[in-house]
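Coordinate inspection notes
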Amino acid sequence: MAPGHLSVREMREDEKPLVLEMLKAGVKDTENRVALHALTRPPALLLLAAASSGLRFVLASFALALLLPVFLAVATVKLGLRARWGSLPPPGGLGGPWVAVRGSGDVCGVLALAPGTNAGDGARVTRLSVSRWHRRRGVGRRLLAFAEARARAWAGGMGEPRARLVVPVAVAAWGVAGMLEGCGYQAEGGWGCMGYMLVREFSKEL
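Predicted, not measured: the structure shown is a model, and the values here were computed from it.

Basis of the calculations
- Residues numbered from 1 in each chain as written.
- Predicted model: local features only at pLDDT ≥ 70, side-chain atom pairs only at ≥ 80, totals over all residues.
- Heavy atoms only, no water.
- UniProt positions renumbered as here; feature names shortened; annotations may be inferred.
- Helix = DSSP H or I, 4+ residues; strand = E, 2+ residues; numbered from the N terminus.
- Expected span 1.5 Å × (residues − 1).
- Bend = angle between axes of the 7 residues up to and from the residue.
- Buried < 20%, exposed > 50% of the residue type's maximum accessible area, 1.4 Å probe, protein only.
- Salt bridge = Lys/Arg side-chain N within 4 Å of Asp/Glu carboxyl O.
- Patch = residues over 30% accessible without salt bridge, like charges linked within 9 Å, V, L, I, M, F, W, Y side chains within 5 Å.
- Areas by Shrake-Rupley, 256 points an atom, 1.4 Å probe, with all protein chains shown as cover.
- Pairing = 2+ DSSP bridges.
- Right-handed = clockwise from strand over helix to strand, strands pointing away.
- Contact = heavy atoms within 4.5 Å.
- Core = buried A, V, L, I, M, F, W, Y, C linked by side-chain atoms within 4.5 Å.

**Notes on the UniProt feature "transmembrane region" (unreviewed entry) in the protein chain**
Mapped onto the present numbering, the UniProt feature "transmembrane region" (unreviewed entry) falls on residues 55-77. What you have in residues 55-77 is 78% helix and 0% strand, and the ends, taken at the C-alpha atoms, are 21 Å apart.

Listed below in structure tokens is the structure:
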């Protein structure tokens, strides 16, 4: 599918269930890898070992004492990612949510934008997901180009001295990170747990 066969427009209300499923599927694709990355860091392994040792005095089962902390930690990571990226945010000052649509009318990607927290922060991508059936066909790049155009227009309308776009990416999503770097974005930090980064933020001056 060539990028020229794609268009981007605001999501219609009847498309909301499909878009929500797309977001949840996108989170599900990365949550296991993020959980594995987080729980194999040395501080996390130390905490899990300490929790297992403590539970051995409470639980009669050695296997349960070993597996229960791991299960709870994985569930916490997954629920956190789903709460953060698995739902639609309220409409923001940049409009949307937006969907990428094939010429036939198939919704194949979703994008949501929001202003940065502080003046001069620029715009942020709060949701960016592509249907697994349409990946590696230019949909993500098309949505990113649209986000950049919206960020420029918004910055101009707000009288901002510069336009900037920030895109958060889960540490396990190497393909998305590579696409952003290829489009001129640079990693500038992120957030995580116990000193280990789980989500990197990429930014670009537009």
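The discussion continues.
**So, helix 1 (residues 16-39)**
Residues that lie three or four places apart on an α-helix share one face, since the helix turns once every 3.6 residues. For helix 1, spanning 24 residues, the distance from its first C-alpha to its last is 34 Å, which sits close to the expected 34 Å at 1.5 Å a residue. Approximately 35° is the largest bend angle found in helix 1, and it occurs at Thr-30. Where helix 1 is concerned, the buried positions are Val-19, Met-22, Leu-23, Gly-26, Val-27, Thr-30, Glu-31, Val-34, Ala-35, Ala-38 and Leu-39.

**As for the pattern of salt bridges**
According to the stated counting rule, one finds eight salt bridges in the structure shown. Linking Arg-164 and Glu-188 is a salt bridge whose minimum nitrogen-to-oxygen distance equals 2.5 Å. With a gap of 24 residues between them, Arg-164 in strand 5 (residues 164-170) and Glu-188 in strand 6 (residues 186-193) connect regions that are remote in the sequence. For Glu-188, a relative accessible area of 38% translates into the label partly exposed.

**As for a nonpolar patch on the surface**
Where nonpolar side chains cluster on the molecular surface, the patch consists of Phe-62, Leu-66 and Leu-67 and spans about 310 Å² of accessible area. Along the chain, the position of Leu-66 falls in helix 3 (residues 62-85).

**Regarding unusual backbone geometry**
With the exception of glycine, the majority of residues adopt a negative phi angle, and the majority of peptide bonds are in the trans configuration. Cis geometry is adopted by the peptide bond preceding Pro-97, which originates at Gly-96 and carries an omega value of 0°. By secondary structure assignment, the location of Pro-97 is in the loop between helix 3 and strand 2 (98-102). Positive phi, close to 60°, is recorded for Arg-136, a residue that is not glycine. Note that Arg-136 resides in the loop between strand 4 (123-130) and helix 4 (139-157).

**Examining the pairing of strand 4**
Alignment of strand 3 (residues 107-115) against strand 4, held across seven bridges, turns out to be antiparallel. From the neighbouring strand, Leu-111 faces strand 4, where its bridge partner is Leu-128. Pairing between strand 4 and strand 5: two bridges, direction parallel. In the strand pairing of strand 5, Arg-124 is matched with Val-166. Between the parallel pair strand 4 and strand 5, the chain is carried across by helix 4, and the sense of this crossover is right-handed.

**Side note on the side chain of Ser-52**
Along the polypeptide, Ser-52 turns up in helix 2 (residues 42-56). Contact partners of Ser-52, with chain neighbours within four places excluded, come to Ala-65, Leu-66 and Pro-69.

**Description of the nonpolar core**
Judged by nonpolar contacts, the single largest core of 29 residues is most densely connected at Leu-111, Leu-113, Leu-165, Val-167 and Leu-180. For this core, the secondary structure elements donating two or more residues are strand 1 (6-10), strand 2, strand 3, strand 4, helix 4, strand 5 and helix 5 (174-182). Sort the elements by how many residues they give to this core and helix 4 lands first, with eight residues. Core analysis: the next-biggest nonpolar cluster, separate from the first, contains 11 residues, Val-77, Leu-81, Trp-85 and Ala-170 among them.

**What about the environment of Trp-133?**
With respect to the helices and strands, the residue Trp-133 is situated in the loop between strand 4 and helix 4. Separated by 37 residues in sequence, Trp-133 and Gly-96 place their C-alpha atoms 23 Å apart.

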